[in-house]
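# Inside the fold
Letter by letter, the chains look like this.
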Amino acid sequence: MENSVIVLDFGSQYTQLIARRIRECKVYSEIVPYNISCRELLNKKPKAIIFSGGPASLSKENVPLCDKKIIQSGIPILGICYGMQLITLFLRGRVSPSSLCEYGKTSLHINKKDGLFANLNSNITVWMSHTDKVYKLPSGFESIASTQNSSIAAFRNKEKKLYGVQFHPEVVHTPKGKKIIENFLYKIAHCQKNWTMKSLVKHSISSIRKQVADKKVICALSGGVDSSVLAILLHEAIGRQLHCVFVNNGLLRKDEGEKVVKTFKHHYNINLKYVRAEKRFLKKLKGIIDPEKKRKIIGHEFIQIFQEEAKKIGPVNFLAQGTLYPDVIESISAHSGPSATIKSHHNVGGLPKKMHLTLIEPFRNLFKDEVRKIGLTLKLPQEIIWRHPFPGPGLAIRIVGNVSAERIKILQAADAIVIEEIKKAGLYRKIWQAFAVLLPIKSVGVMGDARTYENVIALRAVTSCDGMTADWAKLPDSLLGEISNKIINQVKGVNRIVYDISSKPPSTIEWE
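Our subject in this report is the structure included herewith. If you're wondering where the values come from, they're calculated on a predicted model, not measured in any experiment.

The rules behind each value
- Residues numbered from 1 in each chain as written.
- Predicted model: local features only at pLDDT ≥ 70, side-chain atom pairs only at ≥ 80, totals over all residues.
- Heavy atoms only, no water.
- Helix = DSSP H or I, 4+ residues; strand = E, 2+ residues; numbered from the N terminus.
- Rg over C-alpha atoms; globule rule 2.2 N^0.38 Å.
- Buried < 20%, exposed > 50% of the residue type's maximum accessible area, 1.4 Å probe, protein only.
- Contact = heavy atoms within 4.5 Å.
- Phe/Tyr/Trp six-rings, centres within 6.5 Å; stacked < 30°, edge-to-face > 60°.
- Lys NZ or Arg CZ within 6 Å of the ring centre and 35° of its normal.

## Topic: the overall build of the protein chain
Counting secondary structure elements, the protein chain contains 15 helices and 18 strands. A compact globule built from 512 residues would reach a C-alpha radius of gyration of about 24 Å, and the protein chain, at 25 Å, matches this within 12%. Along the first, second and third principal axes, the C-alpha atoms of the protein chain reach 80 × 60 × 40 Å. Taking all 512 residues of the protein chain together, the buried fraction comes to 57%.

## Quick look at the environment of Cys 191
With respect to the element layout, Cys 191 can be found in the loop between helix 4 (177-188) and helix 5 (197-212). Taking the C-alpha atoms as reference, Cys 191 lies 8.0 Å from Ala 48; in sequence the two are 143 residues apart. With near-sequence residues (within four places) excluded, Cys 191 lies in contact with Asn 3, Val 5, Val 27, Lys 47, Leu 185 and Tyr 186.

## Observations concerning unusual backbone geometry
The omega angle of the peptide bond from Lys 504 to Pro 505 is -15°, so this bond is cis rather than trans. Looking at the element boundaries, Pro 505 is found in the segment after strand 18 (494-499). In this structure, the amide linkage connecting Pro 505 to the following residue, Pro 506, adopts the cis form with an omega of 10°. Here Pro 506 lies in the segment after strand 18. Despite not being glycine, Arg 92 has its phi angle at roughly 70°, a positive value.

## Things to note about the packing of aromatic side chains
Summed over all chains, the structure comprises nine aromatic pairs. When the ring of Trp 472 is compared with that of Tyr 499, the centres are 6.3 Å apart and the planes differ by 75°; the resulting orientation is edge-to-face. Of the two residues, Trp 472 sits in strand 17 (residues 471-472) while Tyr 499 sits in strand 18, which places them 27 residues apart along the sequence. In this structure Trp 472 comes out as partly exposed when scored by relative accessible area, which is 25%. Through a chain of ring-to-ring contacts, the aromatic side chains of Phe 10, Tyr 34, Phe 51 and Tyr 82 assemble into a single cluster. The residue whose ring lies beneath Arg 398 is Phe 435, and the NZ or CZ to ring-centre distance is 3.8 Å. Positioned above the aromatic ring of Tyr 428, the side-chain terminus of Lys 423 is 4.9 Å from the ring centre.

So, in structure tokens, the structure goes:
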């Protein structure tokens, strides 16, 4: 895409944030692996390139190195942390381990207040996270900022438009970080502000039409935000060539199946096949305790059903999924980098090796809030756009331990009360995600002067902007009391409620 910025991923946990910040500046960004060839990168015709940070140290062997020709391409480059050090290494400066490491908030003194640091104060707070530092500038470079620990905290070769910063401008802990990125994009690379949700929708529709041509697409519709927006986007692009398949795996929220059919089949008049597969999934999950096995079993069954339905429809070449960027980076090491696998997602971690359908995943590099903005652009109902995230494997991973019809019924009833009461309190839009978890333990209680030994429900509610990090929501005591009272009194088999007050990290949002 023209007017784009390429982000080379060297394994930083913040790479996705770099892409987000660029998009927030209304410039299209794309993340590519660090080992992309210069020729392949230049074929993308980027206006600028950003080298991400990374966990590696250039003082060690077998570290990720990009094609050196990229630095010599004449395209404006900004190196962040490891990226800055890499530019130094390639251009014969000197990088070595520092005797004093820098972690966390640091005061940065700006020596050159034009270009990258235009319209900023002489001293700003930045976020550092490094053990190596630049000791000697490459030829033709000058230092443009320093810290107490380093005289070269940022540098530039103004003529060649090569820049580097030792800190992380992409994180919120660098308050003026977005302004620094804006300066690089607008003042140095001369990017234009032409990437919006409207332009993204237009580009996505055009790309889908080109990829699909006159063939058919089967869409994995769940009723959640991602797959719902995806279905409408596909419908706009290819109309009746789209065949949505909604699989009721028996692990959905209460009355979810009927709502999906009413919305998409009757309101939008989309080709929708409703598959009742509750017994099939329960049979496969019988006796399965391990959450990773649950995810993979469910993912495999989904794909099998899609393939079966595709055969009934006729020649189908594509399977569309609402996979998001957080799903990808939590499921696999990003771009073969050194980041860790946290958990697999059914739509990226459970796919069989020999799948007979080609994937269409327009949201694979997008975050949840961006997908919601696409939904607003497409004028989807507010109830769908602002629906809380729901895991692909459904309630199977909110039922810790064995999954059975009885336990599903208990959790559906409890979860419905949680959502209903949060909406009544006017807090639904302020919370990123709220749900109930059925624990694999029972506790002693007293009901009607009799001893009970029943299930425990954990409540989980978090605030977040993209699902990558999250804080537990400080729900009012009165609301927690109302939810607890209603679940215990109305849901047979539950006698105790607990509230999860852990954040992400170190915890994940879901329990499994």
